[in-house]
Structures are given as C-alpha cells and as structure tokens.
Amino acid sequence: MTEILPSILSADFAHLGEQVAALEQAGCRMLHVDVMDGHFVPNLTVGPPVVASLRKATRLKLDVHLMITDPDRYAPLFIEAGADQVLVHQETCPHLDRTIRMIQGLGARAGVVLNPATPVATLDEVLEIVDYVLIMSVNPGFGGQKFIPYTLNKVRGLAQKRREKGLGFPIEIDGGVTPDNISEIVKAGVDWVVAGSAIFGGGNPAAAFAEMRQHAQAAAAVHV
Ligand code: DX5
Ligand code: ZN
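Residues numbered from 1 in each chain as written. Chains lettered and ligands numbered in written order. Predicted model: local features only at pLDDT ≥ 70, side-chain atom pairs only at ≥ 80, totals over all residues. Heavy atoms only, no water.

(A) Molecular detail of the overall build of the protein chain. Along the backbone of the protein chain there are 8 helices and 8 strands. For the protein chain, the C-alpha radius of gyration of 16 Å lies close to 17 Å, the compact-globule estimate for 224 residues. When the backbone C-alpha atoms are referred to their principal axes, the protein chain occupies close to 45 × 40 × 30 Å. A separation threshold of at least 6 residues defines the contact pool for the protein chain, and within that pool the share at least 24 residues apart is 65%. A total of about 9900 Å² of accessible surface is found on the protein chain, and carbon and sulfur atoms cover 51% of it. Side-chain charges in the protein chain split into 18 positive and 24 negative, and the spacing between the mean points of these groups amounts to 4 Å. (Helix = DSSP H or I, 4+ residues; strand = E, 2+ residues; numbered from the N terminus. Rg over C-alpha atoms; globule rule 2.2 N^0.38 Å. Contact = heavy atoms within 4.5 Å. Areas by Shrake-Rupley, 256 points an atom, 1.4 Å probe, with all protein chains shown as cover. Lys, Arg positive; Asp, Glu negative; His and termini not counted. Charge placed at Lys NZ, Arg CZ, Asp CG, Glu CD.)

Spelled out as structure tokens, the structure:
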C-alpha cells in the first residue's frame, strides 16, 4: 500500500497541531519527523518534546528520522516520547545489527537510511531483520532540495533484492519529491513517500496531500 508521509520540517510550527489534524482528516496515516543535530547534518531541528506533543495531538504513526551522530543514545528517548518507527542512518551505526535490535526491543519499528552515496549492498546482511529501508534522494539536512535521479537505480536494486529474498519490507524515499516525479518514484518500487515542501510549501497541506496520494495510487496500480 502506497503511503505519503508529510515531513513536518516544512510545516508552520506555530500551527503544527492544526496542520496535522487537517492531514489526518484527509486520510494521512503516517507523519515524518526530521531530527537533526548540527553534527551529522549541518542543520538543527526538533527533539523528544516535539514528538511527545505530537503523540498527544494525533493518532498518526510517527516516523522519526534521526540525522544525528549518536542514534544509540537518543533513539530510546524518542521511543519513550511516542515514536512508532525510528530511522537510523547506516553511516552513523558501526554496530547496525545491535542498533536495529535495540530499537525493536523497545517496541518500535526499526528502519535504516542510506545517503545517496552509500551503496545498497551495505545492507545485504541486515535486510532480513530491518522493518523498512529509506533511500535518501537528496543529501540530508534541508527541505526543498532537488531530487537526485540516480537514487532511483538504488530503489530498483533494493526492490529486486527484496523480491529475490522473498521479503516484504517497505521501501521509503525522502527528498525532492513533487507531484511531477512521484509517479516515476512509485513505479521504481517505493512504498512510502516522504514529502515536505510539496505538502507544506503551498497554502493547503491537506489538498497537496490528496493530490500526491492520487498520483501515487494511480502509479502503484500500473506498477502491479
Ligand atoms: C531532508 C529531510 C527530509 C525533508 C524533505 O534531510 O530528511 O525529510 O523534510 O523535504 P522535501 O520534501 O522538501 O525535499
Ligand atoms: Zn527525513
């Protein structure tokens, strides 16, 4: 099932509760929360208190993307705050197997993220234990960047491995998705599509969400 995950990085934080409620009303099921520490990526965003506030305000699944140098230390705090799913970067996890199992042991789903330059093959050994995989389609750190086309080859390669191994983990993509490229992205094998500026950049996040979902569902129907 194709899902669109609005990234609150581009939301109006003074009206976050209202914007999230409107998305929930429009049929949104998962929200993407970008956590940046100013070290792994050159930007700073939100911490566990924002996740805790969102947890109280919505029933949407919270997909927390940790762009931080020490995910082992902070993932438990985000799970305690209410994260349903936690994404860690392969590039920040020397003991990736342990990190995945730690997140799952705390009751959350564990996803692993690959930067554009990190090969899919770096996940070969853990594909059987991850809950999902996120392919970055921009270099992480900022909303509103341009989609990097070669990352779709990584999606196709990962989808092929998934087929060969008989696995069913969702493939997520993050960065530079627009109404114009979402069909091609879904056709390449993506299940979960993160969109920040495309959803929150205009005046009506719920309408933008509905438009993106329509494109994605039409493309998924062709893909199968
Ligand atoms: C980028 C973040 C993304 C970002 C996407 O580092 O991980 O989730 O919000 O924003 P857009 O959709 O505007 O590229
Ligand atoms: Zn993200």
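Once the structure has been displayed, the description carries forward.
(B) Local environment of the pairing of strand 8 (residues 192-195). Burial along strand 8 is two-sided: W192 and V194 facing one way and V193 and A195 facing the other are all buried. Alignment of strand 1 (residues 3-6) against strand 8, held across 4 bridges, turns out to be parallel. Bridge pairing in strand 8 links I4 to V193. In terms of strand pairing, strand 7 (residues 171-174) meets strand 8 through 3 bridges, oriented parallel. Within strand 8, the residue paired with D174 across the bridge is V194. Remark: the strand 7/helix 6 (residues 182-187)/strand 8 crossover connection has right-handed handedness. (Buried < 20%, exposed > 50% of the residue type's maximum accessible area, 1.4 Å probe, protein only. Pairing = 2+ DSSP bridges. Right-handed = clockwise from strand over helix to strand, strands pointing away.)

(C) Highlighting the coordination of the zinc ion (ligand 2). For the zinc ion (ligand 2), the full set of protein donor atoms is H32 (NE2), D34 (OD), H65 (ND1) and D174 (OD), and the range of their distances to it is 2.0 to 2.3 Å. Viewed at the metal, the 6 donor atoms of the zinc ion (ligand 2) are separated by angles of 70 to 170 degrees, and the geometry they form is octahedral. (Donors = N, O, S within 2.8 Å, 3.2 Å for Na, K, Ca; no water. Tetrahedral: all angles 85-135°; square planar, octahedral: opposite > 155°, others 65-115°.)

(D) Region of the structure containing the packing of aromatic side chains. Considering all chains together, one arrives at 1 aromatic pair under this definition. Here the guanidinium or amino end of R162 rests over the ring plane of F169, the centre of that ring lying 5.8 Å away. (Phe/Tyr/Trp six-rings, centres within 6.5 Å; stacked < 30°, edge-to-face > 60°. Lys NZ or Arg CZ within 6 Å of the ring centre and 35° of its normal.)

(E) Quick peek at helix 4 (residues 96-105). Along helix 4, the residues classified as buried are L96, T99, I100 and I103. Viewed end-on, helix 4 has its buried residues packed into an arc of 100 degrees, placing them on one side of the element. For helix 4, exposure combined with an orientation more than 90 degrees from the buried face picks out R98 and G105. Of the surrounding elements, those touching the buried residues of helix 4 are helix 3 (71-81), strand 4 (85-89) and strand 5 (109-114). (Arc of directions from axis to C-beta.)

(F) How the structure looks around the packing of helix 2 (residues 48-57) against helix 3. The contact between helix 2 and helix 3 brings their axes to 8 Å, and the two run at 20 degrees. Our classification of the angle between helix 2 and helix 3 gives roughly parallel. Judged by the twist between their axes, the crossing of helix 2 over helix 3 is right-handed. Along its contact with helix 2, which presents P48, V51, A52 and R55, the element helix 3 presents L77, F78 and A81. (Axes fitted to C-alpha atoms, helices over the stretch in contact; angles between N-to-C directions. Parallel < 35°, antiparallel > 145°, perpendicular 65-115°, else oblique. Left-handed = near helix turned anticlockwise from the far one by under 90°.)

(G) How the structure looks around the site of ligand 1. Near ligand 1 you find 20 residues, and of these S7, D34, G141, D174 and S197 are the closest. The backbone of G144 places a nitrogen or oxygen atom 2.8 Å from an oxygen atom of ligand 1. The separation between an oxygen atom of ligand 1 and a polar side-chain atom of S197 is 2.6 Å. Secondary-structure elements contributing two or more residues to the shell around ligand 1 are strand 2 (30-36), strand 3 (61-67) and strand 8. The greatest single-element share of the shell around ligand 1, amounting to 3 residues, is contributed by strand 2. (Near = heavy atom within 4 Å. Polar contact = N/O pair within 3.5 Å; in protein donor to acceptor, adjacent residues only side chain to side chain.)

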